[in-house]
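If you want the building blocks of each chain, they are given just below.
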Amino acid sequence: MKVKKAVITAAGLGTRFLPATKIVPKPMLPVFDKPTIQYIMEEINDAGISDVAIIISPNSTDIKRHFSEYPLLEKNLKETGKKELYDIAMKTRSFGNITYVVQEKPTGLADAVLCAESFAGGEPFALLMGDEIYDYSSVKTSCLKKLINEYDETGASQVNTINVFGDDVSKYGNLDAEYEGGRLKVKNIIEKPSLSEAFSNLGSVGRYVLSPKVFDYIKSTRPETSSGEVYLTDALKALAENDGLYACEFDEKRYDIGDKAGYIEANVDFALKNEKIKEELKDYLKSLSEKL
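This one's a predicted model, so the numbers in the text were calculated from it and none came from an experiment.

(A) Looking closely at helix H9 (residues 232-242). Those residues of H9 not exposed but buried are Leu232, Thr233, Ala235, Leu236, Ala238, Leu239 and Ala240. Remark: Gly244 follows H9 within two positions and exhibits a positive phi of approximately 100°.

Listed below in structure tokens is the structure:
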């Protein structure tokens, strides 16, 4: 079955970015001149998907407002002849069919995914974290397209993977995987292990394409005794054991917007792509480097 739907998880409280995220959801934090979640929506559309569910918190109205019409602004831009800005504003409501699903309590990623079961309707779906963006402008195939293509060919769920070392090992789900028939097949996965517990240097990150069977595995997984949270990695482990799970390495630059250093890096890199300010910014960065 073809992958025709995508889910964005955007219900987290964004505590690492307080007080900025007290009112503004973390996926709405701007990277240069667009909110993070718009980059993600563009990535989804570029992969050929127009049916999207966004998992939001109960008080998260900003995301809805961003992708909705804004008559007063649109009227003003049109009447004052600001066509370029008008087109930019109109693009925010041209991303296809968006469904908003409320996650009532911040009880983890697996619960957020489970909120999308009705939306998925028994079909495979792409899953994207709302605090990661990828610059795929210089690569032939984005990681999301690659994951979708691999699912179409194998019929098995896919995870995105990166090489991690040192302290970074404990920041991600960790994969026990080896190549079979030219593909990286996952045998096991563990949630954020210590360095001594890790299977490998392969971490799972921000983009997935999952079989609808993942919902059954989430519902049958026992919560962790310490946190009461059901880990998505436990459901992925069940997929690996029973249905097949593969890992894909990606070529583009990944930015972790949930990390303050990653957020600043993304803003600088995307600003340097803007023709209007890049030279001025380069001059400033050069002058700054002389003081460091």
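(B) Region of interest: the environment of Ser60. Looking at the element boundaries, Ser60 is found in the loop between strand S4 (51-56) and helix H2 (62-66). Judged by relative accessible area, which is 5%, Ser60 ranks as buried.

(C) Spotlight on the packing of helix H3 (residues 71-79) against helix H4 (residues 83-91). Interaxial distance between H3 and H4 falls to 8 Å at its minimum, and their mutual angle equals 155°. Taken together, H3 and H4 sit at an angle that is classed as roughly antiparallel. Crossing angle aside, the handedness with which H3 passes H4 is left-handed. Across the interface between the two elements, Leu73, Glu74, Leu77 and Lys78 of H3 pack against Leu85, Tyr86, Ala89 and Met90 of H4. Counted by class, the contact of H3 with H4 contains 6 nonpolar, no polar and 2 charged residues.

(D) Local environment of the nonpolar core. Within the largest apolar cluster, 36 residues are counted, with the highest numbers of intra-cluster contacts made by Phe125, Leu127, Val214, Leu232 and Leu236. Considering each element in turn, this core owes the most residues, 6 residues, to H9. Leave out the neighbours within four places in its chain, and Val214 touches Phe125, Leu232, Ala235 and Leu239. Counting 35 residues, the second-largest nonpolar core is a separate cluster that includes Ala47, Ile63, Ile148 and Tyr255.

(E) A look at the packing of aromatic side chains. Enumeration over the complete set of coordinates arrives at 6 aromatic pairs. With centroids separated by 5.3 Å and ring planes inclined at 75°, the aromatic side chains of Tyr134 and Phe250 adopt a geometry described as edge-to-face. Of this pair, Tyr134 sits in strand S7 (residues 132-135) while Phe250 sits in the loop between strand S12 (245-249) and strand S13 (253-256), placing them 116 residues apart in sequence. Side by side, Tyr134 and Phe250 carry an identical accessibility label, which is buried. One aromatic cluster is present, built from ring pairs that chain together Tyr39, Tyr255 and Phe270. Here Lys5 stacks its cationic end above the ring of Phe119, 5.3 Å away from the centre of that ring. Looking at Lys34, its charged tip hangs above the ring of Tyr39, at a distance of 4.5 Å from the centre.

(F) Representation of the state of the cysteines within the structure. Summed over the entire model, instances satisfying the criterion amount to 0 disulfides. In this structure Cys143 is not part of a disulfide, and its nearest cysteine sulfur, from Cys248, lies 9.1 Å away. For Cys143, a relative accessible area of 1% corresponds to the buried category.

About the criteria used
- Residues numbered from 1 in each chain as written.
- Predicted model: local features only at pLDDT ≥ 70, side-chain atom pairs only at ≥ 80, totals over all residues.
- Heavy atoms only, no water.
- Buried < 20%, exposed > 50% of the residue type's maximum accessible area, 1.4 Å probe, protein only.
- Helix = DSSP H or I, 4+ residues; strand = E, 2+ residues; numbered from the N terminus.
- Axes fitted to C-alpha atoms, helices over the stretch in contact; angles between N-to-C directions.
- Parallel < 35°, antiparallel > 145°, perpendicular 65-115°, else oblique.
- Left-handed = near helix turned anticlockwise from the far one by under 90°.
- Contact = heavy atoms within 4.5 Å.
- Nonpolar A, V, L, I, M, F, W, Y, C, P; charged D, E, K, R; others polar.
- Core = buried A, V, L, I, M, F, W, Y, C linked by side-chain atoms within 4.5 Å.
- Phe/Tyr/Trp six-rings, centres within 6.5 Å; stacked < 30°, edge-to-face > 60°.
- Lys NZ or Arg CZ within 6 Å of the ring centre and 35° of its normal.
- Disulfide = S-S within 2.5 Å.

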